[in-house]
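Single-letter residue listing:
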Amino acid sequence: MSRSKKQPLRKCVVTQEMLPKKQLIRVVRNKEGEVFVDETGKKNGRGAYLTKDLEVIEKAEKQQLLNRHLNAQVDTSIYDELKSKIKAEKA
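Read on for a plain summary of the structure. (Residues numbered from 1 in each chain as written. Predicted model: local features only at pLDDT ≥ 70, side-chain atom pairs only at ≥ 80, totals over all residues. Heavy atoms only, no water.)

Some thoughts on unusual backbone geometry
Reasoning step 1: The residue Q16 is not glycine, and still its phi comes out positive at about 65°.
Reasoning step 2: Residue position: Q16 is located in the loop between β1 (9–11) and β2 (18–20).
Reasoning step 3: What makes Q16 partly exposed here is its relative accessible area of 44%.
Reasoning step 4: A positive phi angle, near 55°, is found at Q64, a position not held by glycine. (Helix = DSSP H or I, 4+ residues; strand = E, 2+ residues; numbered from the N terminus. Buried < 20%, exposed > 50% of the residue type's maximum accessible area, 1.4 Å probe, protein only.)

Below is the structure:
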């Protein structure tokens, strides 16, 4: 009998849902304090996961949730980048 590989689950910081890693986007703050979108999901640093949904991204931006989770000032360009990636995936 072959065992299926376990799907890694992560929690969205907005919805608090446990979802497979592939359904989420990771935002990272590295040791230098830079905040960026991690496309590979493997870069070093403090990470926060967001569901791939425009409403979730807008809610995170409005409530400044990434600032709180990453202990850093998240620039609006990060939110714009997240929104454009989601729009590109849906298209």
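We are not done yet, so read on.
Overview of the side chain of N67
Reasoning step 1: Its location among the elements puts N67 in helix α2 (residues 65–70).
Reasoning step 2: Residue classification places N67 among the buried residues on the basis of a relative accessible area of 15%.
Reasoning step 3: Dropping the residues within four chain positions of it, N67 is found in contact with A72, Q73, V74 and Y79. (Contact = heavy atoms within 4.5 Å.)

Looking at the pattern of salt bridges
Any two side chains of opposite charge can pair, so long as their charged atoms come close to each other.
Reasoning step 1: Under the defined criterion, the tally for this structure stands at 5 salt bridges.
Reasoning step 2: One salt bridge in this structure joins K83 and E61, with 2.9 Å as the shortest N-O distance. A residue pair is termed long-range when its members are at least 10 positions apart, and K83 in helix α3 (residues 76–90) and E61 in helix α1 (residues 54–63) qualify at 22 residues.
Reasoning step 3: Look at E61 and you get buried, because its relative accessible area is 18%.
Reasoning step 4: Among the salt bridges present, the one from K85 reaches E81, with a minimum N-O distance of 3.8 Å. Of this pair, K85 and E81 both sit in helix α3, separated by 4 residues, roughly a single helical turn.
Reasoning step 5: By relative accessible area, K85 is classed as partly exposed at 23%.
Reasoning step 6: Note on E81: relative accessible area 30%, which makes it partly exposed.
Reasoning step 7: Counted as one network, the salt bridges with shared partners bring together E39, E81 and K85. (Salt bridge = Lys/Arg side-chain N within 4 Å of Asp/Glu carboxyl O.)

Observations concerning the nonpolar core
Reasoning step 1: One finds V14, V27, L50, L66 and L82 to be the most contacted residues of the largest nonpolar core, which totals 24 residues.
Reasoning step 2: At the level of secondary structure, the elements contributing two or more residues to this core comprise β3 (24–29), β4 (35–38), β5 (46–51), α1, α2 and α3.
Reasoning step 3: The dominant element in this core, judged by the number of residues it contributes, is α3, at 4 residues.
Reasoning step 4: Those residues in contact with L82 that sit more than four places away from it in its chain are I25, V27, V37, L50, I57 and L66. (Core = buried A, V, L, I, M, F, W, Y, C linked by side-chain atoms within 4.5 Å.)

Focus: the environment of Q63
Reasoning step 1: Tracing the sequence through the fold places Q63 in helix α1.
Reasoning step 2: By relative accessible area, which is 37% here, Q63 ends up partly exposed.
Reasoning step 3: Sequence separation of Q63 and V14 is 49 residues, and the distance between their C-alpha atoms is 9.4 Å.

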